[in-house]
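Read off the chains here:
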Amino acid sequence: MGGVLRRYGPVLTAAILLAVAAWLLLLVVLPQLLMVDFSFRPSLPPSKAGGPEDVYTLRNYATLWTNQIHLAIFLKTIWASSLVTAVTLAVCYPVAFYMAQVAPRRRLPLLVLMLVVPFWINELLRTFAWYIILAFNGPLNALLVGLGLFSEPQRLLGGDAGVIIGMVYVYILFMVFPIMNAMESLDRNQIEAARDLGAGWLRIHRRIVIPHAKPGIAVGCIMTFMLAAGSYAVPALLGGPQSRWFTEVIYNWFFEGGNWNQGAAYAFILLILCIAFILLMMRLFRVGLTDIAK
């Protein structure tokens, strides 16, 4: 704080702090408080707002536990988002290790560019691209049939598999860059010393690399899970009636059912789920907010 004050002066520093505080208050804190207030109130016509029926109640939250369809979708969203996080971690970990510890420094800018360039395209368009790839007559089915893995095209869209594949691709950068950033600070001499002492690659990663990269892994898992659990476009485009996401239920309450109070309750439950996942990752990887902020 003292360095910022010396660099920008008291007037500009105060203006920056006020702008940040206003942004947090107007775009983060107040909307969340309004959502919580809505979630505890019944859905009433405007004429009854503020009347004797407009009281705080837990009815909107109880709806999730009494509606078996919505409860099943909520639980499915939890395990599917966890699966997306695990698959993304499995895909990104070796990529991050190669870029951080193996790839020559002169190649690193090209490798980063190759990862980033596809994401210059809007997420919606990238999801539509996967819609074409996974289509019944799409290139993936043609390849699988051509290789003899299937005798006829398979229906890859409209189920959980297509949604999970799409999400792993869409959110891959949110996993690979935090892990890569954490691994870059690992001294390569530690890995070379372990290899000279006869340690295999699995033991090197288990005893040296993973403990050092725990903050990056925690950040990547947190960001991927939250984005997957809160995604709407990917399950709406790549999924179907049998693979509905909890965000689709929330959307229906707000924009089709017209029950903002029920939608706010469901949205707040999803928020609590994401906060619980953050705390779980911090405990699982034994990292604090300071470690994650690095």
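Everything numeric in this text was worked out from a predicted model, so none of it was measured.

## As for the overall build of the chain
Each helix and strand counted, the chain has 14 helices and zero strands in total. With the C-alpha coordinates aligned to their principal axes, the bounding extent of the chain is approximately 75 × 70 × 35 Å. Considering only contacts within the chain whose residues lie at least 6 apart along the sequence, 66% involve residues at least 24 apart. Accessible surface computed for the chain: about 17200 Å², of which carbon and sulfur atoms make up 69%.

## Remarks on the layout of surface pockets
The calculated volume of the largest pocket comes to roughly 290 Å³. Surrounding the largest pocket, 13 residues form its lining, Gly-230, Thr-247, Ile-250, Ala-267 and Leu-270 being those nearest its centre. Residue assignment for the lining of the largest pocket shows that the elements contributing at least two residues are helix 1 (2-39), helix 10 (201-229), helix 12 (246-256) and helix 13 (260-284). Looking at the lining of the largest pocket, the element that brings in the most residues is helix 13, giving four residues. Taken together, the residues of the lining of the largest pocket break down into 10 nonpolar, three polar and no charged. What lines the second largest pocket is a set of 13 residues, and nearest its centre among them are Phe-38, Pro-42, Ser-43, Leu-44 and Asn-261. Elements supplying a minimum of two residues to the lining of the second largest pocket: helix 1 and helix 13. Classifying every residue of the lining of the second largest pocket by side-chain character gives seven nonpolar, three polar and three charged.

## Details of the nonpolar core
Across soluble globular proteins, nonpolar side chains have a tendency to be buried as a group. Core analysis: the biggest nonpolar cluster contains 52 residues, and Leu-64, Ile-179, Met-183, Val-209, Ile-217 and Phe-246 have the highest contact counts within it. Breaking this core down by element, the ones donating at least two residues are helix 2 (59-66), helix 3 (68-102), helix 4 (108-116), helix 8 (173-184), helix 9 (188-196), helix 10, helix 12 and helix 13. Of the residues forming this core, the biggest block, 11 residues, is contributed by helix 13. Beyond its immediate stretch of four places on either side in the chain, Val-209 contacts Tyr-93, Phe-97, Met-183, Leu-186, Ile-191 and Ile-204. In this structure, Leu-134, Ile-164, Met-167 and Ala-228 belong to the second largest nonpolar core, which totals 16 residues.

## Details of the pattern of salt bridges
A full pass over the atoms with the stated rule returns two salt bridges. With a closest N to O distance of 3.4 Å, Asp-160 and Lys-76 form a salt bridge. Of the two residues, Asp-160 sits in helix 7 (residues 160-170) while Lys-76 sits in helix 3, which places them 84 residues apart along the sequence. Given a relative accessible area of 23%, Asp-160 falls into the partly exposed group. Exposure remark for Lys-76: the relative accessible area of 12% places this residue in the buried category.

## Description of helix 10
Over its 29 residues, helix 10 extends only 33 Å from the first C-alpha to the last, a length that falls short of the 42 Å expected when each residue adds 1.5 Å. In helix 10, a bend of some 60° at Lys-214 exceeds every other bend along the element, and Pro-215, a proline, comes one to four places later.

## What to know about the UniProt feature "domain: ABC transmembrane type-1" (unreviewed entry) in the chain
Those residues carrying the UniProt feature "domain: ABC transmembrane type-1" (unreviewed entry) are residues 74-281 in this numbering. Between the C-alpha atoms that bound residues 74-281 there is a distance of 20 Å. The span itself is 75% helix and 0% strand.

## Side note on the packing of helix 9 against helix 10
Geometry of a packed helix pair, given as the angle between the helix axes and the separation of the axes. At a minimum axis distance of 10 Å, the contact between helix 9 and helix 10 shows a crossing angle of 140°. By the angle between their axes, helix 9 is oblique relative to helix 10. With respect to the hand of their crossing, helix 9 and helix 10 are arranged in right-handed fashion. Seen from helix 9, the contacting residues are Gln-190, Ile-191, Ala-194 and Arg-195; seen from helix 10, they are Trp-201, Ile-204, Ile-208 and Val-209. Here the residues of the contact of helix 9 with helix 10 sort into six nonpolar, one polar and one charged.

## Some thoughts on the packing of helix 2 against helix 13
Here helix 2 crosses helix 13 at 70°, and the two axes come no closer than 8 Å. Regarding the angle of helix 2 to helix 13, the classification is roughly perpendicular. The hand of the helix 2/helix 13 crossing is right-handed. Residue-level inspection shows Asn-60, Tyr-61, Thr-63 and Leu-64 of helix 2 in contact with helix 13, the latter providing Asn-261, Gln-262, Ala-265, Tyr-266, Phe-268 and Ile-269. Of the residues in the contact of helix 2 with helix 13, the class split is six nonpolar, four polar and no charged.

The rules behind each value
Residues numbered from 1 in each chain as written. Predicted model: local features only at pLDDT ≥ 70, side-chain atom pairs only at ≥ 80, totals over all residues. Heavy atoms only, no water. Helix = DSSP H or I, 4+ residues; strand = E, 2+ residues; numbered from the N terminus. Contact = heavy atoms within 4.5 Å. Areas by Shrake-Rupley, 256 points an atom, 1.4 Å probe, with all protein chains shown as cover. 1 Å grid on protein atoms, 1.4 Å probe; cavity = no way out; pocket = protein on both sides within 12 Å on 5 of 7 lines; lining within 4 Å. Points joined across faces, edges and corners; volume = space filled by probe spheres on them. Nonpolar A, V, L, I, M, F, W, Y, C, P; charged D, E, K, R; others polar. Core = buried A, V, L, I, M, F, W, Y, C linked by side-chain atoms within 4.5 Å. Buried < 20%, exposed > 50% of the residue type's maximum accessible area, 1.4 Å probe, protein only. Salt bridge = Lys/Arg side-chain N within 4 Å of Asp/Glu carboxyl O. Expected span 1.5 Å × (residues − 1). Bend = angle between axes of the 7 residues up to and from the residue. UniProt positions renumbered as here; feature names shortened; annotations may be inferred. Axes fitted to C-alpha atoms, helices over the stretch in contact; angles between N-to-C directions. Parallel < 35°, antiparallel > 145°, perpendicular 65-115°, else oblique. Left-handed = near helix turned anticlockwise from the far one by under 90°.

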